[in-house]
Amino acid sequence: DFINNPTILSGDIGIAGDNTDNCFNIFVNISEIIDTGDGEYYYSIDSTCVIDGFTLSDGYNSSPDWTYVGGAIYNENACPTIRNCVFKDNFCLSSFGGAICNLNCFDDLSWGRLNIQIENCFFYNNYARYGGAVQNQSKSHTNIKNCIFTNNSSYYAGGALETGGITDISNC
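Computed from a prediction, not measured in an experiment: that's the story for all the values here.

Asker: Summarise unusual backbone geometry; cite the residues concerned and give the values.
Answerer: You will see that N84, though not glycine, has its phi angle at about 55°, which is positive. Overall, N84 belongs to the buried group, its relative accessible area being 17%. Within the chain, N171 stands out as a residue other than glycine whose phi angle is a positive 55°. Here N171 is to be found in the segment after β21 (166–170). Since its relative accessible area comes to 63%, N171 is described here as exposed.

Asker: Any chance you could break down the packing of aromatic side chains for me, citing the residues and the numbers?
Answerer: Counting across every chain of the model gives 9 aromatic pairs. Measuring from ring centre to ring centre gives 6.1 Å for F122 and Y124, while their planes differ by 10°; the resulting arrangement is stacked. Accessibility expressed as a relative area gives 29% for F122, which makes it partly exposed. For the pair F123 and F149, a centre-to-centre distance of 4.8 Å together with 5° between the ring planes defines the contact as stacked.

So, how was this worked out
Residues numbered from 1 in each chain as written. Predicted model: local features only at pLDDT ≥ 70, side-chain atom pairs only at ≥ 80, totals over all residues. Heavy atoms only, no water. Buried < 20%, exposed > 50% of the residue type's maximum accessible area, 1.4 Å probe, protein only. Helix = DSSP H or I, 4+ residues; strand = E, 2+ residues; numbered from the N terminus. Phe/Tyr/Trp six-rings, centres within 6.5 Å; stacked < 30°, edge-to-face > 60°.

Structure below.
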């Protein structure tokens, strides 16, 4: 029961309440391309990898360069299913996705298993330069349904969501 018994994954790993010493990302999902040897390929992290029922808070990505992205979750060629999660107080100083950043997450190789699923999640008080809560970069295909976005902000574009890929949103 994730509502009455929350499991909190916090980036606040240093001095309590001092966000400048927090970890850059809480989850980093970077997938390998696997060659089956018979002309077929697949990614090692697809929608069968499920992140379910966590509160992810206080990821503080203060890197001044653009290589570090996603305050709570960074997905590169990786498309997990994320559901029943709370994302709050995550931050990306100079980059993308206060809570989640998706880079090159698409289904060219796995025929549909690589569409990121974000379901029944709550995004609150996240910040980034682009995509305060969620940012989808090149070719990423994300399905977002039954989610709530409140008080997220960005400096340039997309307080809740900024996308350079394909994003399907329903009942949010």
